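Here is how the chains run, residue by residue.
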Amino acid sequence: MTFAPHGHHLIAGRPTGSDTRFSSAPATGAPFDYAAGSPELVDQACAAADAAFPGFAATSRDLRAQLLETIAAEMDARGDQITEIGSAETGLPPARLEGERGRTTGQLRLFAAHIRDGAYLDRRHDGALPDRQPLPRADLRMMQRPVGPVAVFGASNFPLAFSVAGGDTAAALAAGCPVVVKGHGAHPGTSEIVADAIVAALENLALDPGIFSLVQGGNRAVGEALVTDPRIKAVGFTGSLGGGRALFDLCAGRPEPIPFFGELGSVNPMFVLPQAAAARGAEIGTGWAASLTMGVGQFCTNPGIAIVVDGPQAEAFVQSARAGLHDVTAQTMLTDGMADAYRDGARRVAEGAGVTTLLATACAGRNATPYLFDVSAADWMADTDLSEEVFGPLGLVVRVRDADEMLAVARHFRGQLTATLHMDDGDLDLARGLLPVLERMAGRVLANGFPTGVEVCDSMVHGGPYPASTNFGATSVGTLSIRRFLRPVCYQNLPEGLLPDDLADDLAAT
């Protein structure tokens, strides 16, 4: 059945219009009109979330797990329609959208299992010591509690996994925090149908509709109103460095500063060590080309820079990468603005001092084709613009003289989501020298792989030092991400009847 958007916001479960409207800009098919957000609508959504918080925070872990599982089921029931409108709006192929929906529903179900287990509560107990000298000790119990209503900004490049019901929303709901989502203007229809699924799940379980709201589109004032609303206690964001930093500063400047968990961008450097380059440089180059062009390079983990020791051992890697990129035809980017920014980024890199163009292509409109450049390490380190992310299928080879210069380049990078080592047994000593640098640089360090694609599991870290993210101690993927929306509370000498159910149950078990 074809999905026909209703074009409204969903404020505490209620379809809500507004005087101002905007039109979508799909890659294919006809545009639709949608109600545009406003600070007044943000105020309504935050008021509903704040009113819903005490009751939602007190719900059982099992009920919240049921909510997450029901959202997943409601999304699956709308699967064909989600794929249809998502593909039309973004230009992503249906198979990619179906895979992303599976990841989204999978992480909802993963969080359901995670909170049922209860280990995330980190419950601790230090029993009373009334006879201790010189002073007695009180009975002390601690566990994690939800922080309050959470604001989530939908991402442009993942219309499902990092958007309305994506990882931020799943983690916040699992923690017991109501969510107000600002939908991304690039895919309002996809946002709407997923929001409908969440509202249906809340209704099925007779939960407070204020637990979730979607505010569509709107200008910068809408986002500013959301992060500065005093009822919002944390923010999840995936997007550009400029936009994220502006919101981060607003959060820090509030009378009550709140945490802003922003994933802002990364070039994800890839170090090709000498023995690996000599033994299988062509194979690594082919793999890099495939990784660079996956999803038109529109992944935050796209490995945009490869560092290799100059010389004959590097040539097989470089030529293989060039051949792999040369055969890639034009692909549709998520928005016209992204395509324009990609071409501007390619021009910026091409004009850098000492940069050589290895593969120049031509693309227009919403399409993108690959570019490949190379530059010496000295020229790269002298030009900070060359270390900035270009969002799209562009690769830059940085040629170093030797292992010492490779280490110098590694130390030159700012915070990254990932860093990769391509290495053989003979590279182990160099890898040992690089690893402490890469650990400080990135949230995830890989060996002999490519970082595009993030496994949703307990041990995944998707974050890193600034500017990869605004909080180096957090992740936006994996079950550890729930910690962003929790805070520890200690209960001293409280009678059992006053303890939260999860602590009272723990007391009864002991």
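This text goes with the structure placed above it.
Residues numbered from 1 in each chain as written. Predicted model: local features only at pLDDT ≥ 70, side-chain atom pairs only at ≥ 80, totals over all residues. Heavy atoms only, no water.

1. A word on the packing of helix 4 (residues 94–117) against helix 5 (residues 167–175)
Which entries qualify depends on this criterion: Lines fitted to the C-alpha atoms define the axes, with helices restricted to the stretch that makes contact. Angles between their N-to-C directions range from 0 to 180 degrees. Secondary structure elements are defined from DSSP: runs of H or I of at least 4 residues count as helices, runs of E of at least 2 residues count as strands, and each element is numbered from the N terminus. Orientation is classified from the angle alone, with under 35 degrees giving roughly parallel, over 145 giving roughly antiparallel, 65 to 115 giving roughly perpendicular, and any other angle giving oblique. Whether a crossing is left-handed or right-handed is set by the direction in which the near helix is turned from the far one by less than a right angle, anticlockwise for left-handed and clockwise for right-handed. Here, two residues are considered to be in contact whenever any of their heavy atoms come within 4.5 Å of each other. Following the grouping adopted for this structure description, the nonpolar residues are Ala, Val, Leu, Ile, Met, Phe, Trp, Tyr, Cys and Pro, the charged ones are Asp, Glu, Lys and Arg, and the polar ones are all others, Gly among them.
Orientation of helix 4 relative to helix 5, taken along the N-to-C sense of each, is 25°, at an axis distance of 10 Å. With respect to each other, helix 4 and helix 5 are oriented roughly parallel. Our pair here, helix 4 against helix 5, has a crossing hand that is right-handed. For the pair formed by helix 4 and helix 5, the contact residues are Gln-107, Leu-108, Phe-111 and Ile-115 on the first element and Gly-167, Ala-170, Ala-171 and Ala-174 on the second. Class assignment for the residues of the contact of helix 4 with helix 5 results in six nonpolar, two polar and no charged.

2. Considering the nonpolar core
As a reminder of what qualifies: Take the buried residues of types Ala, Val, Leu, Ile, Met, Phe, Trp, Tyr and Cys, join any two whose side-chain atoms come within 4.5 Å, and each joined set is a nonpolar core. Burial classes follow relative accessibility: with a 1.4 Å probe on protein chains only, a residue under 20% of its type's maximum area counts as buried, one over 50% as exposed, and anything between as partly exposed.
Residues Phe-271 and Phe-485 are the most contacted members of the largest nonpolar core, which totals 105 residues. If you tally residues by element for this core, the top one is helix 6 (residues 188–204), at eight residues. Excluding residues within four positions of it along the chain, Phe-271 makes contact with Ile-307, Met-406, Ala-410, Phe-413, Thr-420, Leu-421, His-422, Leu-438 and Met-441. By size, the runner-up hydrophobic cluster in this structure holds 22 residues, among which are Val-42, Cys-46, Val-227 and Ile-232.

3. Some points on the sheet that holds strand 12 (residues 270–272)
Defined as follows: In this analysis, strands are considered paired if DSSP registers two or more bridges between them.
Read from one edge of the open sheet, seven strands run 15-17-18-13-12-19-20, paired in mixed fashion. Strands at the two margins of the open sheet, each flanked by one partner only, are strand 15 (356–359) and strand 20 (442–447). With direction set aside, neighbouring strand axes in the sheet form an average angle of 20°. Bridge count between strand 12 and strand 13 (residues 305–309): three bridges; the pairing is parallel.

4. What about the sheet that holds strand 5 (residues 124–126)?
By way of backbone hydrogen bonds, the strands of a sheet pair with one another, either parallel or antiparallel. Ordered in space as 5-6-21, the three strands form an open sheet in which the pairing is antiparallel. In the strand order of this sheet, the two ends are held by strand 5 and strand 21 (486–492), each with one partner. With direction set aside, neighbouring strand axes in the sheet form an average angle of 25°.

5. Considerations on unusual backbone geometry
Residue Pro-134 is bonded to the preceding Gln-133 through a cis peptide linkage, with omega at 5°. Positionally, Pro-134 belongs in the loop between strand 5 and strand 6 (140–146). Even without a glycine there, the phi angle at Asn-268 is positive, about 50°. Along the chain, Asn-268 turns up in the loop between strand 11 (260–263) and strand 12. A positive phi is found at Asn-493, a non-glycine position, where the angle reads about 60°. Looking at where Asn-493 falls in the secondary structure, it is placed in the loop between strand 21 and helix 15 (501–509).

6. Some details on the side chain of Ser-481
Within the secondary structure, Ser-481 is located in the loop between strand 20 and strand 21. Setting aside residues no more than four positions away along its own chain, Ser-481 makes contact with Phe-111, Ala-171, Thr-475 and Ser-476.

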